[in-house]
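Close look at the chain arrangement
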Amino acid sequence: MTLLPSALLPLATAAALLLAATTAQAHGLAVVAQHEADAVTGLARYTDQTPAAGIYVAVTPEDSDTPLAEGTTGADGRFRLPIPPGGPYWAVVEGEEGHRAETLAVQLPAAAGGNGEATAEALRLVREDIARLEQQIRLRDIIGGIGYIVGIAGIAAWFAARRRG
Amino acid sequence: MHLAEGVLSAPVLAGAAALAAASVAFGLRRLGEAQLPMAALLGASFFVASTIHVPVGVGSVHLILNGLAGLMLGWAVFPVFFVALLLQAALFSFGGFTVLGANLLIMALPAVTAHYLLRRLVRPAADGTPPPRQRLLVAGAACGIVGIGGAAALASLALVLSGGHLFTELISLLVLAHLPVFVVDALISAATVALLARMLPAALAAVRA
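As the structure is a computational prediction, the values presented were derived from the model and not from experiment.

Okay, the overall build of chain A next. Summing up its helical and strand segments, chain A has three helices and seven strands in all. When each of the 165 residues of chain A is scored for burial, the buried share is 33%. Restricting the contact set of chain A to residue pairs at least 6 apart, pairs at least 24 apart contribute 53%.

Written as structure tokens, this is what we have:
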């Protein structure tokens, strides 16, 4: 009976690693970011809309690749990197399998009054929603792509027929 | 397994693009008229497969099916995958235009390898009897393993040649992360080859020598 658990352990380890590894699958990576008063905030997601958790993120100035701030994304794919005022800044995320995405961190206007943080939060959510809609794989694109393939095959068949005739 | 823009170094990109262009030209000459419908069908499958994400565990996987296409088409997978990858880059921002050459090599080279390794297993005998079902299943499963394994290895190689942030830990993770893809791709490919042999033996007889 002592043999059984020792045989199960590597199996269980492999299964656990597998589960952990599948969070970063072979998808595209996308990022949305904004420049708030004292930080660049944003969200990194894979194209299947799972959050890109724990990956490298950096903020770079527009004219250079040297990062001003570096960090990793949280479990929900969000990040917040403190940054001196100025800009414009770019947010760059680098995931596993050579995934990489960058975006201009849009400068949010400073909110008047005492509810600045609430306004920034609302803008963040709206921008994340817009990004999600942009990144969605749409059925019409898939069907359009199939149409292209059929058309290209048709052109090839036409050429082949002409060569024969 | 689409490498993104800005990850690979310029010499790797240029070398991959040149190799890929030569292979596409060679593949176009090997693409016979009789193969065209099959090529279009497999190209469309490859194009659509990576847009459909199947949840596995806490993440999700998608089919790649490059080995299966390679088995059926041989060198002709190069022009076929070129079109599919171009469309994926244009419509879904998978990969990108500058890395197209590298991504094409990553997907198509293992596919051609699968063709030369496995074509003997699936061709019917001279008298037209199909190969035994077990052998077909093995060949189909091997398509998934050679296709995905080769693609993961080539992607790792391209990343190592370029150097970068996460690339050392990445190599082992890359193969590990693709284990579910291995399994799913191998199962689907095996089922497809076995089904083809039963329903449409002519398709397998056409696998080019």
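Read on for the rest.
Further remarks concern the confidence of the model for chain B. Residues and elements named next belong to chain B. Of the residues in chain B, 89% reach a pLDDT of 70 or more, and the chain-wide mean stands at 84. Averaged pLDDT values over the elements of chain B bottom out at 62 in strand β2 (residues 59-61) and peak at 93 in helix α1 (residues 10-30). Confidence estimates for the predicted assembly give a pTM of 0.79 and an ipTM of 0.81.

What follows covers the sheet that holds strand β7 (residues 100-107) of chain A. Residues and elements named next belong to chain A. In spatial order, the strands read β4-β3-β6-β7-β1-β2-β5; together these seven strands make up an open sheet with mixed pairing. What marks the edges here is a single partner per strand, and that holds for β4 (69-72) and β5 (78-82). For this sheet, the mean angle separating the axes of adjacent strands, direction not counted, is 20°. Two elements, strand β1 (residues 29-35) and β7, share two bridges in a ladder whose sense is parallel. Residue pairing in the sheet places H35 in a bridge with Q107 of β7. Helix α2 (residues 116-135) contacts β1 and β2 (39-46) of the sheet and is inclined by roughly 155° relative to β1.

What counts and how
- Residues numbered from 1 in each chain as written.
- Chains lettered and ligands numbered in written order.
- Predicted model: local features only at pLDDT ≥ 70, side-chain atom pairs only at ≥ 80, totals over all residues.
- Helix = DSSP H or I, 4+ residues; strand = E, 2+ residues; numbered from the N terminus.
- Buried ≥ 20, exposed ≤ 12 C-beta atoms within 10 Å, placed from the backbone.
- Contact = placed C-beta atoms within 7 Å.
- pLDDT = per-residue confidence, 0-100.
- Pairing = 2+ DSSP bridges.
- Axes fitted to C-alpha atoms, helices over the stretch in contact; angles between N-to-C directions.

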